[in-house]
Structures are given as C-alpha cells and as structure tokens.
Amino acid sequence: MDSSLAYIAERLTELTAIPSPTGYTKHAADYLVKTLTELGFSPEISNKGNVLVQLGGQGNPLVLASHIDTLGAMIRSIKDNGRLRPTTLGGHQWRTADGENCTVHTRDGRTYTGVVLNTEPSTHVADDKVEQVEKNMEILLDENVATKDEVLALGIQTGDIIAMDPRTTITESGYIKSRFLDDKLSASILIGFARAVAAGEITLCRKVSLLFTVYEEVGHGGSVVPADTRDMISVDMGCVGADLGCTERMVSICAKDSGGPYNYDIVSDLATAAKAAGLDYAIDVYPHYGSDVEATLTAGFDIRHGLIGPGVYASHNYERSHMDGVRNTFELLRAYVTL
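For every chain, the first residue of its written sequence is number 1, and the numbers climb from 1 along that sequence. Predicted model: local features are reported for residues with pLDDT of at least 70 only, side-chain atom pairs are reported and counted for 80 or more only, and whole-chain, interface and lining totals are derived from all residues. The side-chain values count all of the structure's non-hydrogen atoms but skip hydrogen atoms and water molecules.

A.B. asks: Even after reading the chapter, I still don't get the overall build of the protein chain, so can you show me in this structure?
C.D. replies: Of regular secondary structure, the protein chain possesses 7 helices and 19 strands. Computed over C-alpha atoms, the radius of gyration of the protein chain comes to 21 Å, within 12% of the 20 Å expected from 2.2 N^0.38 for 339 residues, which places it in the range of a compact globule. Overall size of the protein chain, expressed as C-alpha extent along the three principal axes, is 60 × 40 × 40 Å. What makes two residues a contact is simply this: any of their non-hydrogen atoms within 4.5 Å. The contacts in the protein chain between residues at least 6 apart in sequence include a share of 75% that link residues at least 24 apart. Secondary structure is summarised from DSSP: a helix means a run of H or I of at least four residues, a strand means a run of E of at least two, and numbering begins at the N terminus for each. For this measure, only C-alpha atoms enter the radius of gyration; the expected value for a globule follows 2.2 Å times N^0.38, where N is the number of residues.

Quick look at the structure:
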C-alpha cells in the first residue's frame, strides 16, 4: 500500500502542476492518456475531451468517475490601465484568491505571470475596505504595461485563461495542501487504482472503467457514459465541516447532496464494504454539492449512482486533505470492486 500511496502522491504533484481550468483541459487530458497508456491500457478521449479507459473485468459494468477540470478564471476585458478584469470559471471564490499568483495562457501558446488583487489592496491607502467580489478583482501582470494597447501588444486578449497557482505540498505528517484537490486528488487515486489493477494487485469481479471528465465544475462533465453502464460512482472530494462526520483522514460516503439522495443500495454496499475492510469512513449529507453522476442521470441514463471521496477541508479554497484519507478511499474502491 505504501508504494501505491507514493505513486498517487507523485501523480497528484504532477497533475496539479498542469493548469486545467474548465474549458482549458487538453494538457491534463493528454497527461492522463500518456500515463494510462504507460500502464498498459488503451484510453480514449471523447469529442468533448473526457478520458475513458476500460480496466478489465466482465459483467455488470461499473464506471468510476473523477474530474480534472478545476476552478479558474477567464479575461472578461482589458482595462485602460493595463489591468485585467476576470470572469469566473466554476464556483470560484474570489476572497480566497486575493493575493494569489496566477498565470495567463494566451490562445497562441504564450504565458504571462501575474497576481490577483482587489482594486485597492493596500491598507495604507484604502479609505474603505474593498469587498472581495468579482467586480472588484483584477489581475496585475508581471509586465511593464500601463495601458490596454500595451497589454494587447503582448498577445493577450479577452477570453484568455487565468490559472491560479496550486502551491501543492505534502508534509512529513501526511497532510496534503493544494488548490484543486477537488478533484485532482481523486483523479490521482484512480490512476493509482489503475496501476494496481495492471500489476495484478486488484482482481476485478465486474467490468470496471474509469472516466475522467472535463466540465464537472460547470455541471455537464458526466453527461455521457458508455451505453452499457449499470452503476456509476463519482470519486470526488469528501466534504469536511460543521455538521459532518468526515475528517481529512477518512473516506466519505455521500448519502444525499443538493441533487437529492444517492442510490440507497449503492450507499449501503459502500458502507458495508468499508466496515468489513476496517476503514475509517463516514456517511454524510452535503448541503451544497453536485457531482458528475447527477449529470449522467439528468442526461437520461438508467444507472444506479454513488459518491465517495477523501475528506477535503476548505473546498474551493486552498484545500487540505491527508494521506490517510487517500488510503481509506483507495481501499474502499478495492473492496467495492471485489464484492
């Protein structure tokens, strides 16, 4: 298990280093294809950019899904003073990004660094505190520009992608701190799961496929799955916070979120598998959450659905989890596919 955890940690560090705000996910998808191919599988990229790979097994097809698109921003307009006005991609919280370094990606492949700040960030200057909402946020480029024309001359334009720095670190005590653990942590767990299958460490008792989606943060990532899918489990972040049982060191099994209850039998089977394996888990209700598998149901697929994931604290912020949560999630997947 230690080698699997080390492998997952390496994949997480590499994956979070690849900018992939919703709508700009090609490089992350290419990384998945390369990694899964090196493991001996034959992944495919769909027309919309999702990555699908069949791991093996026969009968009663199960899809395990995570997403590789993240929160981010796009240039809404270029101001006369050379600063950039952003528009959010996904459920971005600007108050958590005030002061964050970022990178602008142009359509012709150039990159420029910058910093996210509100329109009056200096305590020594501001007469009144500026509310950290989108209309008051701007990107200051690390370039000598003071006019709109000077920014345009760099090749920067409206619609270019703004990616926040992930600042990924894993402490000696096992804590994982980074932006975009939602959902690159679970995507890394699924890559580790694929590696274990390829190595013969996990024997599949049913047909299992992995689906990595690229539009989850805007609600339609999982809208298409293989036609023979019977069950689908979103492997996303587990919520940690007030009125919830899950911690960063546990695997969370979601019974209900903002889209309604998850399949009763799937939730029960997951809990039974976790208990039998002696895992640290919690069954929780997420009040403000939606997952890929709900997009699958909305698209009309007749499937049973579930949601699990390692506990992640401070979602849509600079997030934190723990390698124990990774271990419990990995082991729950192992236990479930061998039922």
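A.B. asks: Sorry, what's going on with the side chain of D160 here?
C.D. replies: Mapped onto the elements of the fold, D160 is located in the loop between α3 (148-152) and β9 (161-164). Exposed residues in this analysis have more than 50% of their type's maximum accessible area, buried residues have under 20%, and partly exposed residues fall in between, with area computed by a 1.4 Å probe over protein chains only. Charge counting treats Lys and Arg as positive and Asp and Glu as negative, with His and both chain ends excluded. Any carboxyl oxygen of Asp or Glu that lies within 4 Å of a side-chain nitrogen of Lys or Arg is treated as forming a salt bridge with it. The buried charged residue D160 lacks any salt bridge, with R107 as its nearest oppositely charged partner at 4.3 Å. Whenever a nitrogen or oxygen atom comes within 3.5 Å of another N or O atom, the pair is scored as a polar contact, on the condition that within protein one atom can donate a hydrogen and the other can accept it, and that pairs from neighbouring residues in sequence are kept only if both atoms are in side chains. At a separation of 2.9 Å, a polar atom in the side chain of D160 contacts the main-chain amide nitrogen of Q157. Discounting chain neighbours no more than four positions away, the residues touching D160 are A73, M74, I75, V104, H105, T106, R107 and G155.

A.B. asks: Sorry, what's going on with the sheet that holds strand β19 (residues 319-322) here?
C.D. replies: Two orientations exist for strands paired in a sheet by backbone hydrogen bonds: parallel and antiparallel. Between any two strands, at least two bridges found by DSSP are needed for them to pair. Spatial strand order, β10-β11-β19: 3 strands in an open sheet with antiparallel pairing. Sheet topology places β10 (169-170) and β19 at the edges, where each strand pairs with a single neighbour.

A.B. asks: Where do I start with the pairing of β9 in this structure?
C.D. replies: What you see with β9 is no split at all: I161 and A163 on one side and I162 and M164 on the other are buried throughout. Here strand β4 (residues 72-78) pairs with β9 via 2 bridges, running antiparallel. Considered in β9, the bridge of M74 is made with I161. By the bridge criterion, 4 bridges tie strand β6 (residues 101-105) to β9 in an arrangement that is antiparallel. Paired with C102 across the two strands is M164, which belongs to β9.

A.B. asks: Hey, could you run me through the nonpolar core in this one?
C.D. replies: A general tendency of soluble globular proteins is for nonpolar side chains to be buried together. Buried Ala, Val, Leu, Ile, Met, Phe, Trp, Tyr and Cys residues that are joined via side-chain atoms within 4.5 Å together make up what is termed a nonpolar core. Counting residues in hydrophobic clusters, the biggest one holds 71 residues, and the most contacted among them are L55, L64, F193 and F212. When near neighbours in sequence (up to four residues on either side) are disregarded, F212 contacts L32, L36, N50, V51, S66, I68, A187, L190 and I191. By size, the runner-up hydrophobic cluster in this structure holds 21 residues, among which are V104, V145, L154 and F180.

A.B. asks: In this structure, what is going on with unusual backbone geometry? I would like to understand it.
C.D. replies: Among all residues save glycine, negative phi is the norm, and among peptide bonds the norm is trans. Along the chain, D182 connects to D183 via a cis peptide bond; the corresponding omega equals 10°. Here D183 lies in helix α4 (residues 181-198). Although it is not a glycine, N60 sits at a positive phi angle of roughly 45°. The topology assignment puts N60 in the loop between β2 (51-56) and β3 (62-67). Taking the relative accessible area as the measure of exposure, N60 reaches 41% and is therefore partly exposed. We note that R167 has phi near 55°; this positive angle belongs to a residue other than glycine.

A.B. asks: Help me out: how do you make sense of the environment of T169 in this one?
C.D. replies: On the secondary structure map, T169 appears in strand β10. According to the relative accessible area criterion, T169 is partly exposed, its value standing at 32%. Leave out the neighbours within four places in its chain, and T169 touches Y175, I176, K177 and Y318.

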